[in-house]
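Residue-level structural notes
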Amino acid sequence: MVTLDCETKSRCERTELAISRVCSSSLRRRLLAYSSSSFPMDAHLSSSSLISSFLFLLLLINGSQCFYLPGVAPQDLDKGDPLMVKVNKLTSIKTQLPYTYYSLPYCRPDSIVDSAGNLGEVLRGDRIENSPFVFKMREPQMCNVVCRITLNGKTMKAFKEKIDDEYRVNMILDNLPLVVPIQRLYQQAPPVYQLGYHVGVKGQYAGIKDDKYFIHNHLSFTVKYHREAQMDSARIVGFEVKPFSVKHAYEGQWSEKTRLTSCDPHAMLTVTSSNNPQEVEDKQEIIFTYDVEFQESDIKWASRWDTYLLMSDDQIHWFSIVNSLMIVLFLSGMVAMIMLRTLYRDISRYNELETQEEAQEETGWKLVHGDVFRPPIHSDLLCVHAGTGVQCLGMMLVMMMFAVLGFLSPSNRGGLMTAMLFLWVVMGLFAGYASARLYKMFKGTEWKKIAVRTAFLFPGSVATMFFILNALIWGEKSSGAVPFGTMFALAFLWFGISVPLVFIGSYVGFRKQAIEDPVKTNKIPRQIPEQAWYMNPIFSILIGGILPFGAVFIELFFILTSIWLNQFCYIFGFLFIVLVILIVTCAEITIVLCYFQLCSEDYLWWWRSYLTSGSSALYLFLYSTFYFFTKLEITKLVSGILYFGYMLIASYAFFVLTGAIGFYACFWFTRLIYSSVKID
C-alpha cells in the first residue's frame, strides 16, 4: 500500500473539515465513508482533486441537509489564543425577574461593553456583557485572583436577597452557556446539567441554629475541547463550572502581588471543597478567584449541544408522546369512520326520499337547510377572530417547519421569539384575506372597517397586557423590562408592516367573488325546538374543548418547564407532530358536535363551532394555574402577576388558533353535506 504524500493528505483533511462544518452528522458520515472506500489509497494529487470536486458536487446535491447557520460558525483556536468569557443575566425560577450581572457588586472589567443582541434576546431579558474572566486556550490556570471587595450594608443586602431568591449566574464561552454538572443517582448515567451556578447558598454552622449566607466566590471552570487528529487547532465543545465558597486568607497588607495562603498555585494548594465558607456580612472582605482546567473530549463540535439537550426524564417523555399519539389517532379514526358511515346513509336516504311522497316529512339536519347559512350575530367579530386564527396557524406551521429543519436551535439565542414576531407580522396578509372573504360572504360592504379590526383587535389586546406587565417589570428594575428602543421596533413591526399587510390582504380578499351558499336562506328564521340537556350550548362547548387539550397537555408540561424553570426545550419534532394532532382533533370534534347540533334542528352553528374547539384554551389556563401551585415556588406578588399575565396572553392566542381550526372545519363540513343532497 502506498501512503498519501503530505500535500494530498493535507487536502483530504481540509475536505473532511469542510464536510464536518456544513453537513448534518448522517450525511457527513456517508460522505466520509464514501470518500474513504471508493478511492484507492495510492491516489495522487490529481485524484485528490477529483475527490474534492466529487464531494463538493455531493454537497450541492444534498443541499437540503447541509446549511450553515449565521452566528454559529465553529471557531478554530490554537494554543494560547485568548478566550473571552461573557456574562449574561441573573435568573431565578422563584421570581422570574432577570437582572444584569453587574447589578450585584461583582468584579468588573476596565470598561463594560454590551454585546449586540437580536430582538428575541432583548425580549427574553438577556443582557450579554464582557467580564474580567480571560482564559488562554489549553493553558490551565490556578487560583487567579479577580478582585477583592469589602461589603457594606447595601451590597450585603443585595447579595442576601439574590441568595434568598436562588438566583443563578449565567455565563457564555464560544456561544456555549455555562453549566453545572450534577451527577445522577445512578453513577453510570450521564450527569444532568444545570444552567448557571447559584450566587450563593444559605446554611448553618454545626451546633448553631441561625441561618447564614455564603457566597460562591471561587469558580473552578472546565473547558472541554475537541481536536482533530494531526491538527494543532481545537474547538470548544463544553463549558462547565463547580462553584465553591471559600474564605480566602493572606499574610500582610493586601496588594496586587499578594499571595493567598488558602489557594496557592506555587504550593499546589487548590480549592476542592467549601469547608471554610465565605459569609455575607457587613464589613466582610471577599476575594473572588477562579481556576481553569482544559479537558480534551471526543465530542465533536457539531454534537456539542447534545449533552445540554439531554433530558433527565427522556423515557417518560417518549412514553407520554407515543401514548398520546396512539390514543388521539385511535379516536380520530373512530370518529372519521362513524362520520363517513352516518353521513353516507343520511345523504342516500334523503336523496331517495325526494322521489317519494315522504319528502314532505323531512327530519334531522336537512330540515334546517333554509337557515343553516343565515349570518350569525356579531358576524364582524367572528370574521376578525377567524382571520386572526388563520394568522396564528400560519405562523405556527411555518415556525415549526423551520424549527424541525434546525434553523431555530438553542445555539441561536432569541431566534425562536424573533422568528415568531416576524412570521406573525408577515402572516397579517393571510389574516386580512381570510377575514375579508368571510365578511363579504356575510353581505358586508365596509371592508376597511373589518381590516382595521383585524389589524388591531388581537394585537392591541396583547400589546395592552404586555405594556402593563412591562411596567411592573420596570418597577422591579429588572433587565427583563423592554427598553424604549425595542418598544419602538415592535411598534414599527406592527404599524409599519403588519397593518399594511392586513389591509392588502383584505383588499385582495374583498375583490374576490363572494362565496356562494350551496342552499338558499329563508327570509323568516325557523324556530329552534327545545334541546336536550346534553345539547345545551355551554355544556357542548365545554365538552368539545377536552379532546384538543388532551392532545397537547403532555407537551404543555415540557413547554411550561422550559419557560418557567429555565431549562432547554428542543423537542420541535414532537411539537410538530402534536400540532398536526391538534389540528386534526379540533377539526373532528367540532364536526361531530356540529353534526349532532344540526340533527337536533339547531342551526346556530357559526359561533358554537368556533367556541367548541376554542374552549380548549380555558383548560390550558386552568392547567397553567394547576402548574403554578404544584410545580413553581413563586412567592412574590409581581412574579405571580407576570406568570398569569403571560399565560393569559398564551391562552388567548391558543383560543383564536384552535377556534379558527374548528370553525373552518365546520364551515367546510356544512357546505359539503348541504351541497350533496337534492333540495328544491
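Look above for the structure.
Residues numbered from 1 in each chain as written. Predicted model: local features only at pLDDT ≥ 70, side-chain atom pairs only at ≥ 80, totals over all residues. Heavy atoms only, no water.

On to the overall build of the protein chain. Check the secondary structure of the protein chain and you find 17 helices and 13 strands. Pairs at least 24 apart in sequence give 80% of the contacts found in the protein chain among residues at least 6 apart. Of the accessible surface of the protein chain, which amounts to about 34,400 Å², a share of 62% is contributed by carbon and sulfur atoms. (Helix = DSSP H or I, 4+ residues; strand = E, 2+ residues; numbered from the N terminus. Contact = heavy atoms within 4.5 Å. Areas by Shrake-Rupley, 256 points an atom, 1.4 Å probe, with all protein chains shown as cover.)

This part is about the state of the cysteines. Enumeration according to the criterion identifies 2 disulfides in this entry. Between Cys143 and Cys263 runs a disulfide, and the two sulfur atoms are separated by 1.6 Å. Sign of the S-S torsion, about -80° for the bond between Cys143 and Cys263, identifies this disulfide as left-handed. Taken as a pair, Cys143 in strand β3 (residues 141-150) and Cys263 in the loop between β12 (235-244) and β13 (285-296) lie far apart in primary sequence, 120 residues in all. Residue classification places Cys143 among the buried positions, given a relative accessible area of 8%. Residue class for Cys263 comes out buried when judged on its relative accessible area of 2%. Bonded cysteines in the protein chain are paired 1-3, 2-4 when counted in the order they occur along the chain. (Disulfide = S-S within 2.5 Å. Buried < 20%, exposed > 50% of the residue type's maximum accessible area, 1.4 Å probe, protein only.)

This next bit is on the nonpolar core. Core analysis: the biggest nonpolar cluster contains 83 residues, and Leu598, Trp605, Trp606, Leu632, Tyr643, Phe663 and Tyr674 have the highest contact counts within it. If you tally residues by element for this core, the top one is helix α17 (residues 637-674), at 15 residues. When neighbours within four sequence positions are excluded, Leu632 is seen to be in contact with Trp564, Leu565, Tyr627 and Tyr643. Judged by nonpolar contacts, the second largest core, of 57 residues, contains Tyr106, Ala158, Leu195 and Leu642. (Core = buried A, V, L, I, M, F, W, Y, C linked by side-chain atoms within 4.5 Å.)

With that settled, consider unusual backbone geometry. Of all residues except glycine, most have a negative phi; of all peptide bonds, most are trans. Phi is positive for Glu166, which is not a glycine, with a value near 55°. Within the secondary structure, Glu166 sits in the loop between α5 (153-164) and β4 (168-173). Looking at Glu166, the relative accessible area reads 33%, which means it is partly exposed. You will see that Asn175, though not glycine, has its phi angle at about 70°, which is positive.

Quick look at the pattern of salt bridges now. For the coordinates displayed, the defined rule picks out 20 salt bridges. Among the salt bridges present, the one from Asp126 reaches Lys89, with a minimum N-O distance of 3.0 Å. Taken together, the residues Asp126 in the loop between α4 (119-124) and β2 (129-136) and Lys89 in strand β1 (residues 82-91) connect sequence positions 37 residues apart. Residue Asp126 is classed as buried on the basis of its relative accessible area of 5%. Judged by its relative accessible area of 11%, Lys89 falls in the buried class. (Salt bridge = Lys/Arg side-chain N within 4 Å of Asp/Glu carboxyl O.)

Further remarks concern the pairing of β4. Judged by how many residues are buried, β4 sits mostly within the fold: 6 of 6 residues are covered. With burial as the criterion, each face of β4 is covered, one bearing Arg168, Asn170 and Ile172 and the other bearing Val169, Met171 and Leu173. Judged from the 4 bridges that link them, β1 and β4 form a sheet pairing that is antiparallel. Paired with Leu90 across the strands is Val169, a residue of β4. With 2 bridges joining them, β4 and strand β8 (residues 197-198) adopt antiparallel strand pairing. Looking at the pairing, Arg168 lines up with His198 of β8. Sheet analysis places β4 next to strand β5 (residues 176-177), joined by 2 bridges and oriented antiparallel. (Pairing = 2+ DSSP bridges.)

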